[in-house]
Amino acid sequence: MPKIKTNRIKYPEGWELIEPTLRELDAKMREAEMDTHDGKRKCETLWPIFKVSHQRSRYVYDLYYRREEISKELYEFCLDQGYADRSLIAKWKKSGYERLCCLRCIQPRDHNYGTTCVCRVPKNLREEKVVECVHCGCQGCASGD
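A few points on the structure. Here the structure is a predicted model, which is why all the values come from computation and not from measurement.

The subject of this paragraph is helix α2 (residues 47-66). Along an α-helix, residues three or four positions apart point the same way, because every turn accommodates 3.6 residues. The terminal C-alpha atoms of α2, which comprises 20 residues, lie 26 Å apart, in line with the 28 Å expected from a rise of 1.5 Å per residue. Within the span of α2, buried status applies to Trp47, Val52, Arg56, Ser57, Arg58, Tyr59, Val60, Tyr61, Asp62, Leu63 and Tyr64. Buried residues along α2 sit in contact with α1 (15-34), α3 (72-80) and α4 (86-92). Looking one or two residues past α2, Glu68 carries a phi angle of roughly 55 degrees, positive in sign.

Structure (structure tokens):
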């Protein structure tokens with residue numbers, strides 16, 4: 001969760017350009033956290049939180065690496081303040097992980113037989129065509145999809 005805005009923090013140049021989008025994503029995150037869990041499986045309650053966290057990290061990643069619209073100083077500020085997930089972005093930079101949904105999907109200790117999540121399997125190699133990840137609700141984040 002990003003830190004609360006105070007007067008002591010010196011915001012880097014360009015912050016005012018990305019602040020509205022980050023505030024909007026923070027509001028979505030609060031809404032996802034406060035959402036009721038009635039009628040959902042235990043694993044499904046965290047899916048909206050994972051989605052918003054992924055959106056926020058992807059937004060910062062795209063601004064810095066793809067569109068090159070923000071400075072390195074602002075990028076580092078966003079990572080330090082918790083607006084984006086540093087570990088997830090590090091994986092996105094590696095080949096084969098460009099579309100990774102969350103870090104739990106690639107950790108073998110969280111899966112049967114020490115493999116990765118079913119959402120990491122390309123769609124053309126799956127027996128079932130519609131599959132949801134148990135951890136984050138992803139329907140496919142393999143790079144070959």
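Let us now look at the packing of aromatic side chains. Two aromatic rings are characterised by how far apart their centres lie and by the angle between their planes. Under the defined criterion, the tally for this structure stands at nine aromatic pairs. The interplanar angle of 85 degrees and the centroid separation of 4.8 Å between the aromatic rings of Tyr64 and Tyr65 together place this pair among those described as edge-to-face. Residue classification places Tyr64 among the buried positions, given a relative accessible area of 18%. Plain terms: the ring middles of Tyr65 and Tyr75 are 5.5 Å apart, the flat faces sit at 85 degrees to each other, and that makes the pair edge-to-face. Taken together, the positions of Tyr65 in helix α2 and Tyr75 in helix α3 put the pair ten residues apart, joining distant regions of the chain. Given the relative accessible area of 30%, Tyr65 is considered partly exposed.

Turning our attention to the nonpolar core. Trp15, Ile18, Leu22, Cys78, Cys101, Cys105 and Cys119 are the most contacted members of the largest nonpolar core, which totals 30 residues. Elements that contribute at least two residues to this core include exactly α1, α2, α3 and α4. If we skip the residues at most four places from it in the chain, Ile18 touches Tyr59, Leu63, Ile70, Leu74 and Cys78.

About the cut-offs
Residues numbered from 1 in each chain as written. Predicted model: local features only at pLDDT ≥ 70, side-chain atom pairs only at ≥ 80, totals over all residues. Heavy atoms only, no water. Helix = DSSP H or I, 4+ residues; strand = E, 2+ residues; numbered from the N terminus. Expected span 1.5 Å × (residues − 1). Buried < 20%, exposed > 50% of the residue type's maximum accessible area, 1.4 Å probe, protein only. Contact = heavy atoms within 4.5 Å. Phe/Tyr/Trp six-rings, centres within 6.5 Å; stacked < 30°, edge-to-face > 60°. Core = buried A, V, L, I, M, F, W, Y, C linked by side-chain atoms within 4.5 Å.

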